[in-house]
Amino acid sequence: MSEIHETKNYSIFKLNAANAVIKKEHVDRLKASIKLKNMLHLRPILVNSEMEIIDGQHRFTAAKELNVAVFYEMDSSLNEDDMALLNSNSRTWSNSDFVHHFQNRGKKDYQMLNDFCKKHELVMTQALHILGQQGGRSAGGIKSGMYKFPGKEIIEKAEQHLWMLGAVQEAIRNKSLSATAFISKIGFFRGCMAIFAHENFSLDLFIKKIELHIDKIQKRADATGYYNMLKDIYNWKNSHPLE
């Protein structure tokens, strides 16, 4: 077991751009916990021989902002690969953190995924969902550095569905100000994507039905609730209902 060191000389540590983006809310939670009872010595940060922080940058930042000692272990064998590996089986890193990490290490597929998110103003969860890469092998691939951005056909279909979503949201906004608060949420997003996936779906008909039954557009608890609501609206007096 390596020796645990203690210091308040924060300048000796280096942050690495490939690490997860530091989240202020996470740092604030850590600071509140440290103020209540400082147990940083029980979970030292990990650094390599260059004093780059491989694991624990949020703990480091919290300690620095509180002007308390940083506890750390040095392991010369640690490198950028270990940043993702150390967090692959924890809840510390989100998919966005893994994408940030690997794109900063030159992985083109991760850069393409991030560019797709920026282009369409999507959070990572939305992007992976619409690309059909929400779980299973795709989720594991993101954490391992083996993620592959989908091909042109899938991208074109995803962008068509995003355009349809925008048209639906605009139709709702034009009829109901109260619905504006939830039609941009992930549950509504997923509910719409499930509706759009039906082969016999008609966007023009759907918008007409929404405008006729805008009072039925209500907040729901989850994607299933939104899907069922939207499906009922679409199927009302429809000779070609969605199954």
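See above for the structure.
What comes next concerns the included structure.

Definitions and limits used
- Residues numbered from 1 in each chain as written.
- Predicted model: local features only at pLDDT ≥ 70, side-chain atom pairs only at ≥ 80, totals over all residues.
- Heavy atoms only, no water.
- Phe/Tyr/Trp six-rings, centres within 6.5 Å; stacked < 30°, edge-to-face > 60°.
- 1 Å grid on protein atoms, 1.4 Å probe; cavity = no way out; pocket = protein on both sides within 12 Å on 5 of 7 lines; lining within 4 Å.
- Points joined across faces, edges and corners; volume = space filled by probe spheres on them.
- Helix = DSSP H or I, 4+ residues; strand = E, 2+ residues; numbered from the N terminus.
- Core = buried A, V, L, I, M, F, W, Y, C linked by side-chain atoms within 4.5 Å.
- Buried < 20%, exposed > 50% of the residue type's maximum accessible area, 1.4 Å probe, protein only.
- Pairing = 2+ DSSP bridges.
- Axes fitted to C-alpha atoms, helices over the stretch in contact; angles between N-to-C directions.
- Contact = heavy atoms within 4.5 Å.

Right, let's talk about the packing of aromatic side chains for a bit. What describes a pair of aromatic rings is the distance from one ring centre to the other and the angle between the planes of the rings. This structure, assessed with the given rule, holds twelve aromatic pairs. An aromatic cluster is present here, built from Tyr10, Phe13, Phe60 and Tyr72 joined pairwise through their rings.

Once rolled over the atoms, a probe with the size of a water molecule shows which space is left empty. Inspection of every chain in the model, using the stated rule, returns one cavity of 30 Å³ or more. Here the largest cavity is characterised by a volume of approximately 50 Å³. Along the walls of the largest cavity sit Leu40, Arg43, Pro44, Ile45, Arg59, Phe60, Ala63, Ala69, Val70 and Phe71, which together make up its complete lining. Where the lining of the largest cavity is concerned, the elements lending two or more residues are α2 (57-66) and β4 (70-74). In terms of residue count, the dominant contributor to the lining of the largest cavity is α2 (three residues).

Core analysis: the largest hydrophobic core is formed by 54 residues, its most contacted members being Phe116, Phe196 and Ile217. Of all the secondary structure elements, the ones that give two or more residues to this core are α3 (80-87), α4 (95-103), α5 (108-120), α6 (124-130), α8 (152-175), α9 (186-196), α10 (203-212) and α11 (223-235). Per element, the largest residue contribution to this core is eight residues, and it comes from α8. Among the nonpolar cores identified, the runner-up in size contains 16 residues, and Val27, Val47, Phe60 and Val70 belong to it.

Attention now goes to the sheet that holds strand β3 (residues 53-55). Here we have four strands laid out as an open sheet, ordered β1-β4-β2-β3, and mixed in their pairing. The outermost strands of the open sheet, each flanked by one partner alone, are β1 (4-7) and β3. Neighbour to neighbour, the strand axes of the sheet diverge by 45 degrees on average, direction disregarded. Those strands touched by α2 are β2 (45-47), β3 and β4, and its axis lies near 120 degrees from that of β3. Most of the contacts of α3 go to β3, to which it runs at about 25 degrees, and overall it touches β2 and β3.

Time to look at the layout of surface pockets. Put simply, the largest pocket is a space of about 310 Å³. Considering the residues around the largest pocket, the lining is formed by 20 residues, among which His26, Leu30, Arg43, His58 and Arg59 are closest to the centre. Among the elements of the structure, α1 (24-36), β3 and α2 are those that each provide at least two residues to the lining of the largest pocket. In terms of residue count, α1 provides more of the lining of the largest pocket than any other element does, four residues in total.

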